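Chain and residue survey
Given next are the chains, with one letter for each unit.
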Amino acid sequence: RKVTAPWILCGLLLCRGLIYLLGARSATRYIAMQTKAFSATRPSRMETARVARKVTAQATASAPATPKASVSSGSDPLMLRALRGEAVERPPVWMMRQAGRYMKVYQDLVKKHPSFRERSENVDLSVEITLQPWHAFKPDGVVLFSDILTPLAGMNIPFDIGSGNGPVIFEPIRTLEQVKKVSKLIPEESCPFVGESLRQVREAVGSSAAVLGFVGAPFTLATYIVEGGSSKNFAHIKRLAFGQPEVLHALLDKLADNVADYCRYQADTGAQVIQIFDSWASELMPQDFDVFAGPYIKKVINSFRATHPHVPIILYISGGGGLLERMAACNPDCVSIDQSVDIVDGIKRIGTGFAVQGNMDPGILFGSKSTIEARVMDVIKKARSQGVRHVMNLGHGVLPGTPEENVATYFEVARTAHQRW
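Treat the numbers as computed from the prediction; the structure is a model and nothing was measured.

Some thoughts on the packing of aromatic side chains
One pass over the full model with this rule turns up 8 aromatic pairs. Each ring, one from phenylalanine 214 and one from phenylalanine 277, has its centre 5.8 Å from the other, and the planes form 85 degrees; the classification is edge-to-face. Highlighted residues: phenylalanine 214 in strand S4 (residues 210–216) and phenylalanine 277 in strand S5 (residues 273–277), separated in sequence by 63 residues. The burial state of phenylalanine 214 is the same as that of phenylalanine 277; both residues are buried. Taken together, Tyr106, Phe116 and Phe145 form an aromatic cluster joined through their ring pairs. The positively charged end of lysine 138 is found above the aromatic ring belonging to tryptophan 134, 4.7 Å away from the centroid. The positively charged end of arginine 384 is found above the aromatic ring belonging to tryptophan 421, 4.0 Å away from the centroid.

Structure representation (structure tokens):
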């Protein structure tokens, strides 16, 4: 046993080594075969990416649709795309005050519903009036039939709008104690009809036109609130501005916060563009605009843009030719130029970093068809020559008594402008 044991042990070790070696080779062959088989069925990195994109696209297509359009969606209305600076074949067109007083269908409705507040605060009536020019002329912008004073009731400022004497503020605000009673605006509670009207208008026009909401700027709202209504000389608000400026600033500050919230409410319920009207800011000297108007326009724009950065803001000041640079300094997306300024001169003054809107004299719509055609194209060609984004509009609201057939000519010429360069 002592002689044979070492040989047996060596034999066992040799056999184990052979088995191990053969096993390793077999394992290697097996791994190689499996690797080859896996490689034959495994997709390339490009194929993997393609499949991933396909899966993502399918998931996106099956996701619920959102009512808010994509920032760069090609299906968005022409006006939105133009304001963003996307390539468009022609400038979009609409008119300030396009819903209302010059249309016979509106005049007939007024006979049945003589109260302006009823017409603007009843959802069915507001939507019907808003869509009247849409059905007649197919503008690229559809602006809600409403009023800049509409939110005042929600700020604890009672008012009415008479059929002949304009707006009336029942208790004009001229003291600090009265300013303290101005409440925070909660639009969904105080003027839900605005939101519902915007929803219905948005649904009616789809992507065929942009829906515009609008607000009054703080200074212009303050003129009505302090004067007690419309004014020819603005004596009360100027007495407050230069005699008790702290009272006016306190009012303007509250109004700016409420107007920004009102902008948000309109954007959340259907408005795709917001226009700010500072109708009476031109009653201020430029240096006083810098104190009582400009800072509060900026506050509204900055506050609204912080929450709704993709909703374009248009700023319009009636008679604002002397304030163009200051309007631009408020940093809207679009400066609406009135007819007191040649549009080329206006663009040179504010620069090409803004879209421009305007600026044909609404009185031209009383002229002949050929005159209207020539003047519409004159504005469009001038704006086009400056290489800016342009929205064709009037320099002021359309005038009462304007012939509807002339309005139709205005829209037809603007819609076919790219065929008339």
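Remarks on the environment of alanine 235
Looking at where alanine 235 falls in the secondary structure, it is placed in helix H11 (residues 235–243). For the pair alanine 235 and threonine 223, spaced 12 residues apart in sequence, the C-alpha separation works out to 9.7 Å.

Digging into the pattern of salt bridges
According to the stated counting rule, one finds 19 salt bridges in the structure shown. Measuring nitrogen to oxygen at the nearest pair gives 3.4 Å for the salt bridge that ties arginine 199 to glutamate 196. Separated by 3 residues within a single helix, arginine 199 and glutamate 196 lie in helix H9 (residues 192–205), roughly one turn from each other. According to the relative accessible area criterion, arginine 199 is partly exposed, its value standing at 41%. By sharing partners, the salt bridges in this structure join Asp76, Arg84 and Glu86 into a single network.

A few points about the side chain of serine 231
Structurally, serine 231 can be placed in the loop between helix H10 (218–227) and H11. A distance of 2.8 Å separates a polar atom in the side chain of serine 231 from the backbone nitrogen of phenylalanine 234.

Some points on the sheet that holds strand S7 (residues 334–336)
Reading across the sheet, the 7 strands line up as S1-S4-S5-S6-S7-S8-S9 and stay open at both edges, with parallel pairing between neighbours. The sheet is open, and its two edges are formed by strand S1 (141–143) and strand S9 (390–394), each paired on a single side. On average, each strand axis in the sheet is inclined to that of its neighbour by 25 degrees, with strand direction left out of account. Alignment of S5 against strand S6 (residues 313–316), held across 4 bridges, turns out to be parallel. Following the sheet pairing, isoleucine 276 is matched in S6 by leucine 315. Contacts between helix H17 (residues 369–385) and the sheet are confined to strand S8 (355–360) and S9, with S9 contributing the most and set at about 150 degrees to the helix.

Describing the confidence of the model for the protein
In the predicted model, the protein carries a mean pLDDT of 87, and 82% of its residues have values of at least 70. Long-range and interchain partners of residues 1–72, a stretch whose pLDDT sits below 50, account for 13 contacts in this model, where long-range means more than four residues apart.

Notes on the nonpolar core
Counting 127 residues, the largest nonpolar core has Met79, Met95, Met360, Leu365, Val376, Met392 and Tyr410 as the members making the most contacts within it. A per-element tally of this core places helix H12 (residues 245–268) first, with 11 residues. Dropping the residues within four chain positions of it, methionine 79 is found in contact with Pro92, Trp94, Asp140, Gly141, Ala210, Leu212, Val273, Ile314, Gln357 and Val391.

Points about helix H16 (residues 343–350)
Every buried residue of H16 is accounted for by Ile343, Val344, Gly346, Ile347 and Ile350. When H16 is viewed along its axis, its buried side chains cluster within an angular range of 160 degrees and face the same direction. Of the residues flanking the start of H16, the one acting as N-cap is aspartate 342, its side-chain oxygen 3.0 Å from the backbone nitrogen of valine 344. Looking one or two residues past H16, glycine 351 carries a phi angle of roughly 90 degrees, positive in sign.

The rules behind these values
- Residues numbered from 1 in each chain as written.
- Predicted model: local features only at pLDDT ≥ 70, side-chain atom pairs only at ≥ 80, totals over all residues.
- Heavy atoms only, no water.
- Phe/Tyr/Trp six-rings, centres within 6.5 Å; stacked < 30°, edge-to-face > 60°.
- Helix = DSSP H or I, 4+ residues; strand = E, 2+ residues; numbered from the N terminus.
- Buried < 20%, exposed > 50% of the residue type's maximum accessible area, 1.4 Å probe, protein only.
- Lys NZ or Arg CZ within 6 Å of the ring centre and 35° of its normal.
- Salt bridge = Lys/Arg side-chain N within 4 Å of Asp/Glu carboxyl O.
- Polar contact = N/O pair within 3.5 Å; in protein donor to acceptor, adjacent residues only side chain to side chain.
- Pairing = 2+ DSSP bridges.
- Axes fitted to C-alpha atoms, helices over the stretch in contact; angles between N-to-C directions.
- Contact = heavy atoms within 4.5 Å.
- pLDDT = per-residue confidence, 0-100.
- Core = buried A, V, L, I, M, F, W, Y, C linked by side-chain atoms within 4.5 Å.
- Arc of directions from axis to C-beta.

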